[in-house]
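# Secondary and tertiary structure notes
One letter stands for each residue in the lines below.
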Amino acid sequence: MNVPVMTTCPSPSWSLASRRRRFLPAVRCVSSVPKVADEADLFDLKQYMAEKARRVDAALDRALPLRPPERLFAAMRYSLLSPGKRVRPVLTLAACELVGGDESAAMPVACAAEMIHVMSLIHDDLPCIDNDDVRRGRPANHVAFGEGFAVLAGDALHCFAYEHAAAATRAPPDRVLRAVAELGRATGAEGLLAGQIMDIECEGKEVGLEVLEGIHLHKTAKLMEAAAACGVIMGGGREEEVERLRRYGRVLGLLCQVVDDIMDVTKTTEELGKTAGKDSACGKTTYPKLLGLEAAGRVAEELVGKAEEELQGFDRNRARPLRHLARYIANLARYN
Ligand code: GRG
């Protein structure tokens, strides 16, 4: 399928997009229906996710008890403990276990990844950014606590993420230092923030597939890459394994976004827990808008295949959760 690459996006999109090309070939749309999960590889991913998410929730709750200044901590806890899928922390835990590490070694860093993610959701919903009133099925943080508190709760969560990763981890200090650096790089001006800037700069413009992919690789995939890489680091994995999981996280991040775009069209606000149809209402470029719903679905399937490729060579049993996680995300429409 020929996808027209239309206009460019102002700096820094092109330089970042071309840098990205070295790591991940542009998504191709395939006309064939890709393979389904191996029938013999049955695994209850839903139960695995629920169990891991339950442990992450408990760890987050312990990490951030209510204390003075109470309204600030209440605002932080409101969003942090709201019902999210916990994809990033589960990614960290599963990647740690993939290389033979223990869940406890990775839990504080896993929680830090979720804290950073939640901070970005709070800030993203603000009237000055994406202006959304609903998040995870509840009033957004600024609706519940006011704009000032939402900004500060996001900032406080962001700081606490690094504090918690550094102070609560019982693992060799070199691993902790590396993980903290990974998270910082993924979040900052060449990571998540760059993606948000690109998004703002492209608002109201027609963009092509390459620019769209550049936005998502930064806005969504960078933190997933870091979450997966951090799991391997905390589990004491080899360098090559860190890089493989980084690539897996990158593909998973893109997959999340393609699925998110599809669900924005196909799901209701109640099903999504956030405003449905917002992308098209705001004139945002999305995968379904550029490719059509069916081809966007095929892109998602192709990304599942790429994620599975990155797991080849690892212990098959230990790789199971991650193998199924990609398919779980592609199937989210059914799970919701
Ligand atoms: C202040 C450093 C700093 C960053 C903020 C606002 C912003 C910059 C970035 C926006 C990032 C953003 C909201 C990206 C979208 C990521 C995404 C796919 C969110 C949905 O993730 P899910 O599906 O949601 O994992 P749950 O609710 O399940 O966690």
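Look above for the structure.
Quick look at the structure, then. (Residues numbered from 1 in each chain as written. Predicted model: local features only at pLDDT ≥ 70, side-chain atom pairs only at ≥ 80, totals over all residues. Heavy atoms only, no water.)

Below, the discussion takes up the overall build of the chain. For the chain, the helix and strand inventory stands at 17 helices and two strands. When burial is assessed residue by residue, the chain has 54% of its 336 residues classed as buried. Expressed as a percentage of contacts within the chain between residues at least 6 apart in sequence, the contacts between residues at least 24 apart total 76%. Carbon together with sulfur atoms contributes 54% to the accessible area of the chain, which is approximately 14,600 Å² in total. (Helix = DSSP H or I, 4+ residues; strand = E, 2+ residues; numbered from the N terminus. Buried < 20%, exposed > 50% of the residue type's maximum accessible area, 1.4 Å probe, protein only. Contact = heavy atoms within 4.5 Å. Areas by Shrake-Rupley, 256 points an atom, 1.4 Å probe, with all protein chains shown as cover.)

This part is about the side chain of S120. Along the chain, S120 falls in helix α5 (residues 103-125). Engagement of the side chain of S120 in a polar contact is seen with the backbone oxygen of H117, the distance being 2.7 Å. (Polar contact = N/O pair within 3.5 Å; in protein donor to acceptor, adjacent residues only side chain to side chain.)

Here we take up helix α4 (residues 87-98). Given a rise of 1.5 Å per residue, twelve residues ought to cover 16 Å, and the 16 Å separating the end C-alpha atoms of α4 matches this to within 8%. Along α4, eleven of the twelve residues are buried, which leaves the element largely enclosed by surrounding structure. Taken together, the buried positions of α4 are occupied by V87, R88, P89, V90, L91, T92, L93, A94, A95, C96 and L98. Elements in contact with the buried residues of α4: α2 (45-63), α5, α10 (209-234), α11 (239-266) and α16 (316-330). Immediately downstream of α4, the backbone of G100 shows phi near 90 degrees, a positive value. (Expected span 1.5 Å × (residues − 1).)

Neighbouring the ligand are 18 residues, the closest being K85, R88, H117, R136 and Q196. One of the side-chain nitrogen or oxygen atoms of K85 is found 2.7 Å away from an oxygen atom of the ligand. Between R136 and the ligand, the recorded distance is 2.7 Å, taken from a side-chain N or O atom to an oxygen atom. When isolated, the ligand has an accessible area of 750 Å², and the protein chains bury 90% of it. When residues of the shell around the ligand are traced back to their parent elements, those giving at least two are α5, α9 (192-202) and α10. Of the residues contributing to the shell around the ligand, the split by class is four nonpolar, nine polar and five charged. (Near = heavy atom within 4 Å. Nonpolar A, V, L, I, M, F, W, Y, C, P; charged D, E, K, R; others polar.)

Relative to the helices and strands, G195 is located in helix α9. Residue G195 is classed as buried on the basis of its relative accessible area of 0%. For the pair G195 and L212, spaced 17 residues apart in sequence, the C-alpha separation works out to 9.9 Å.

Our focus in this paragraph is the pattern of salt bridges. Scanning the model with the defined rule gives 23 salt bridges in all. Between D199 and K284 there is a salt bridge, and its shortest N-O distance comes to 3.5 Å. With D199 in helix α9 and K284 in the loop between α13 (278-281) and α14 (287-291), the pair connects residues that are 85 residues apart, well separated along the chain. Each member of the pair, D199 together with K284, is buried. The salt bridge involving E225 is made with R250; its shortest N-O contact spans 2.8 Å. You can see E225 sitting in helix α10 and its partner R250 sitting in helix α11, a full 25 residues away along the chain. Each member of the pair, E225 as well as R250, is classed as buried. (Salt bridge = Lys/Arg side-chain N within 4 Å of Asp/Glu carboxyl O.)

A word on α10. Over its 26 residues, α10 runs 35 Å from end to end, which matches the ideal 38 Å to within 8%, given 1.5 Å per residue. For α10, the principal kink sits at A221 and spans about 50 degrees. Two residues or fewer after α10 comes G236, characterised by a positive phi angle close to 80 degrees. (Bend = angle between axes of the 7 residues up to and from the residue.)

With that settled, the discussion passes to the nonpolar core. Counting 95 residues, the largest nonpolar core has Y248, L252, L255 and I329 as the members making the most contacts within it. With 14 residues, α10 is the single largest residue contributor to this core. Non-local contacts of I329, meaning those with residues more than four positions away in its chain, are made with V87, L252, L255, C256 and V259. In this structure, M198, C202, V207 and V211 belong to the second largest nonpolar core, which totals five residues. (Core = buried A, V, L, I, M, F, W, Y, C linked by side-chain atoms within 4.5 Å.)

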